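Structural overview
As a plain string of letters, each chain reads:
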Amino acid sequence: MLQAGSNRDVAAEDRGQLNKGIAIYPGSFDPPTNGHLDLIERGSKMFEQLVVAILRNSEKSPMFSLAERLEMLRELTADWSNVRIDTFDGLMVEYAKSIDAMCVLRGIRAISDYEYELQMALMNRKLEPTLETVFMMPAVKYSYVSSRLVREVAQAGGPVKDLVPEVVEQKLREKLDPAYKLQETRLIEVSRKRKKKS
Ligand code: PNS
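In short, a report on the structure. (Residues numbered from 1 in each chain as written. Predicted model: local features only at pLDDT ≥ 70, side-chain atom pairs only at ≥ 80, totals over all residues. Heavy atoms only, no water.)

Inspection of the region around the ligand gives 13 residues, with Ser28, Lys60, Gly90, Met92 and Arg106 positioned closest. Between an oxygen atom of the ligand and a side-chain N or O atom of serine 28, the distance comes to 2.6 Å. A distance of 3.0 Å is found between an oxygen atom of the ligand and a side-chain nitrogen or oxygen belonging to arginine 106. Taking 550 Å² as the accessible area of the ligand by itself, protein coverage stands at 76%. When residues in the shell around the ligand are grouped by element, the largest group, 3 residues, is from helix H5 (residues 111-127). Classifying every residue of the shell around the ligand by side-chain character gives 7 nonpolar, 4 polar and 2 charged. (Near = heavy atom within 4 Å. Polar contact = N/O pair within 3.5 Å; in protein donor to acceptor, adjacent residues only side chain to side chain. Areas by Shrake-Rupley, 256 points an atom, 1.4 Å probe, with all protein chains shown as cover. Helix = DSSP H or I, 4+ residues; strand = E, 2+ residues; numbered from the N terminus. Nonpolar A, V, L, I, M, F, W, Y, C, P; charged D, E, K, R; others polar.)

Okay, structure coming up:
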């Protein structure tokens, strides 16, 4: 936390950060949504370093592989120098300790999230009393956006523009519409052939 007086404090304050040290933003991110990105941006302003940590062995069978989620999140956060993407397995608090994180960041969209988040935060506190959980709210325009609903809408062929970043929208399209992928590959081949001819 802030220790007033040192030069590093001034640097952190200059960047508008409230807290020094590492915070962890854990989750499934299947797929990353605009709500996640909104929270990452807020977290990056608040903490000196933010580690977005993707859970490796979720009981759920994910739509996107771990490698895909890593790649998407790395691309989406490339412009934030104090944000790092990692994966973890087992207890979140153990992973947090292993990277010296002092804080867990979680998003709360509506009061319905609160019960589960409170339960999780209190269990994590029981497991590791020194690790604090900080709740932040995403922008109101993302307050109804969840990975689960995005998957549901996309799987039913509905539009997910404005709910997820473009790169995620594209990946969803590729995953859910094999014909789209084939068409893309053909287009690339055609343009390669054209280039060779010219
Ligand atoms: O995006 P999600 O699915 O809501 O994220 C949930 C997550 C990954 C943060 C939570 O399930 C978790 O921390 N899992 C790791 C195992 C663990 O530590 N369980 C105890 C939590 S009280």
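One open sheet holds the 5 strands; their spatial order is E3-E2-E1-E4-E5, and the pairing between them is parallel. If you trace the sheet from one side to the other, it starts and ends with strand E3 (83-88) and strand E5 (132-136), each paired once. In this sheet, adjacent strand axes meet at a mean angle of 30° when their direction is disregarded. Helix H3 (residues 66-76) contacts strand E2 (47-55) and E3 of the sheet and is inclined by roughly 155° relative to E2. On top of the sheet, H5 reaches strand E4 (101-107) and E5; it is set at about 160° to E5, its chief contact. (Pairing = 2+ DSSP bridges. Axes fitted to C-alpha atoms, helices over the stretch in contact; angles between N-to-C directions. Contact = heavy atoms within 4.5 Å.)

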